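Chain and residue survey
Below are the chains, spelled out letter by letter.
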Amino acid sequence: MAKIGVFDSGYGGLTILEAIRRELPQYDYLYLGDNARAPYGTHSFDVIYRYTLEAVKYLFAHDCALVILACNTASAKALRTIQQRDLPLINGENGDASLNGGMMKRNVLGVIRPTVEAVPAITKTGHVGILATPATVSSESYVLELEKIAEGLQVTQQACPLWVPLIENNEHNSPGAKYFVGKYLREILAKDPLIDTLVLGCTHYPLLKKEIDHWLAYHQEIEESEFPTPISSPQIQTIAQGELVAKSLADYLKRHPEYREQLSEGGSCSYLTTENADRFSQSASHFLHSPIMANHIDF
Ligand code: DGL
């Protein structure tokens, strides 16, 4: 029987794991954070693809039938290549000997598509902002995916290269975090003041949501006192991905009994990190609001 693997460069994927376990508590999970090599978002395509494939193969080799790339950067840069080039080989679909001995069917799913699908129903102005890592922004994945499903949206992207390092270093409640939250939000709203929907297009960013929502509420107040015109700036909603990805996975498993039937139902979750296990356990327990114990791995 198999588990569901959840992978991220670091702590961000925990925001997805938490929502998935709320939606589908019956399954067994294996979380892998490549904290030693985070952040991914400032690396090139080749590096992100190589790191992601290593993690996916590791999770497959440790009894995962499905791997969720709980990382937008990996979803944007590596998912398609892994699905098209590596999975057929791993599943033995090319007539080659399958890498897993043909015992189990494997698949890898990302987080961008389920997020994009929610956007058209949320925005009223049709002006949407994407906050993401430099790699996700340069891939244009959000812009291209939104173009496919909705016409006429005005999409503006903002790279936030310092948000992930702040979180990975446990500085997300510091004055430095407040400063950099304000900096990138100010920049994106200067590019398009009509944005009413901000996608947190990096799974780390919900860990900054309190600071983000606080800045937006404050910004709104200032705007309204400085420009008391009938055309005040729109109320801005932030979209976090956890629930969207969880619902999409539940739907996927309904439609794909060949994966669902392989999954064991013990309700367990184990945690792996490429960094120091104690350090990971401490931070992850803080982010998940419950104590966990992680193990260290090397690829
Ligand atoms: N959580 C990853 C994402 O969703 C962060 C990437 C990074 O390590 O920079 O993009």
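We now turn to the structure provided with this report.

Parameters at a glance
- Here, residues in each chain are numbered from 1, in the same order as that chain's written sequence.
- Note on the predicted model: pLDDT of at least 70 is required for a residue's local features to be given, and 80 or more for side-chain atom pairs to be given and counted; whole-chain, interface and lining totals, by contrast, use all residues.
- Water and hydrogen atoms were dropped before computing side-chain values, which therefore reflect all heavy atoms in the structure.
- Using a grid of 1 Å spacing that covers the protein atoms alone, one calls a set of points a cavity when a 1.4 Å probe fits there but cannot get out, and a pocket when the set is open and has protein on both sides within 12 Å along at least five of seven lines; lining residues are those with an atom within 4 Å of a point.
- Grid points are joined across faces, edges and corners, and a volume is the space filled by probe spheres set on the points.
- Helix numbers and strand numbers start at the N terminus; a helix is a DSSP run of H or I with at least 4 residues, a strand a run of E with at least 2.
- Under this grouping Gly is polar, as are all residues other than the nonpolar Ala, Val, Leu, Ile, Met, Phe, Trp, Tyr, Cys and Pro and the charged Asp, Glu, Lys and Arg.
- Strands are treated as partners if at least two bridges between them are detected by DSSP.
- Helix axes are fitted only over the stretch in contact, all axes being lines through C-alpha atoms; the angle between N-to-C directions runs from 0 to 180 degrees.
- The contact criterion used throughout is that any non-hydrogen atoms of two residues lie within 4.5 Å.
- Near is defined per residue: the residue qualifies when any heavy atom it owns lies within 4 Å of the molecule or strand.
- Two N or O atoms form a polar contact when they lie within 3.5 Å of each other; inside protein one atom must be a possible hydrogen donor and the other a possible acceptor, and for residues adjacent in sequence the pair counts only when both atoms belong to side chains.
- Throughout, the Shrake-Rupley method with a 1.4 Å probe supplies accessible areas, and for residues the shown protein chains are the sole cover considered.
- Each molecule is assigned to a cavity or pocket provided more than half of its atoms lie within 2 Å of the corresponding grid points.
- Should an angle lie under 35 degrees it is considered roughly parallel, over 145 roughly antiparallel, and from 65 to 115 roughly perpendicular; all remaining angles are considered oblique.
- Only protein chains enter the accessibility calculation, which uses a 1.4 Å probe. A residue is then buried if its area is under 20% of the maximum for its type, exposed if over 50%, and partly exposed in between.
- Buried Ala, Val, Leu, Ile, Met, Phe, Trp, Tyr and Cys residues form a nonpolar core when they are joined through side-chain atoms within 4.5 Å.

1. Remarks on the layout of surface pockets
Size it by volume and the largest pocket reaches roughly 660 Å³. Counting residues per element, the ones that place at least two in the lining of the largest pocket are helix 3 (72-77), helix 4 (79-90), strand 4 (107-109), helix 5 (112-122), helix 7 (141-149) and helix 11 (242-255). Among the elements that line the lining of the largest pocket, the one with the most residues is helix 11, at six residues. Partitioned by chemical class, the residues of the lining of the largest pocket number 14 nonpolar, six polar and six charged. Counted as a void, the second largest pocket has a volume near 470 Å³.

2. Description of the sheet that holds strand 4
Within the open sheet, the six strands sit side by side as 4-3-1-2-9-10. Their pairing is parallel. Edge positions in the open sheet fall to strand 4 and strand 10 (294-296), since each of these has one partner strand only. Between one strand axis and the next, the sheet turns through 25 degrees on average, direction left out of account. Two elements, strand 1 (residues 3-8) and strand 3 (residues 64-69), share five bridges in a ladder whose sense is parallel. What sits directly across from phenylalanine 7, in strand 3, is leucine 69. Taken strand by strand, helix 4 contacts strand 3 and strand 4, and its axis lies near 170 degrees from that of strand 4.

3. Overview of the site of the ligand
The local shell around the ligand holds 13 residues, among which Ser9, Tyr40, Gly41, Thr73 and Thr203 are the closest. Between the ligand and the protein, one listed contact pairs an oxygen atom with a backbone N or O atom of tyrosine 40 at 2.7 Å. Protein chains shield 99% of the accessible area of the ligand, which is 300 Å² for the free molecule. Judged by its atoms lying within 2 Å of the grid points, the ligand is housed in the largest cavity. Split into classes, the residues belonging to the shell around the ligand amount to five nonpolar, seven polar and one charged.

4. Describing the packing of helix 5 against helix 11
Interaxial distance between helix 5 and helix 11 falls to 8 Å at its minimum, and their mutual angle equals 110 degrees. When the interaxial angle is binned, helix 5 and helix 11 end up roughly perpendicular. Where helix 5 approaches helix 11, its residues Pro114, Thr115 and Ala118 are matched on the opposing element by Leu244, Val245 and Ser248. Here the residues of the contact of helix 5 with helix 11 are counted per class, giving four nonpolar, two polar and no charged.

5. Overview of the pairing of strand 3
Within strand 3, six of the six residues are buried, leaving the element largely enclosed by the surrounding structure. Taken together, the three bridges between strand 3 and strand 4 define a ladder with parallel strand orientation. Note on strand 4: the bridge partner recorded for valine 67 is valine 108.

6. Points about the nonpolar core
Counting 59 residues, the largest nonpolar core has Trp163, Leu253 and Tyr271 as the members making the most contacts within it. Residues within four places of tyrosine 271 in sequence aside, it is in contact with Leu14, Leu17, Arg21, Tyr31, Phe280, Leu288, Ile292, Met293, Ala294 and Asn295. Grouped together as the second largest cluster of nonpolar side chains are 28 residues, Tyr49, Leu53, Leu59 and Cys71 included.

7. Focus on unusual backbone geometry
In this structure, proline 39 follows alanine 38 across a cis peptide bond, with omega equal to 0 degrees. Take proline 39: it is sitting in the loop between strand 2 (29-33) and helix 2 (45-61). The backbone phi angle of glutamate 140 is positive, close to 60 degrees, even though this residue is not glycine. Its location among the elements puts glutamate 140 in the loop between helix 6 (134-139) and helix 7.

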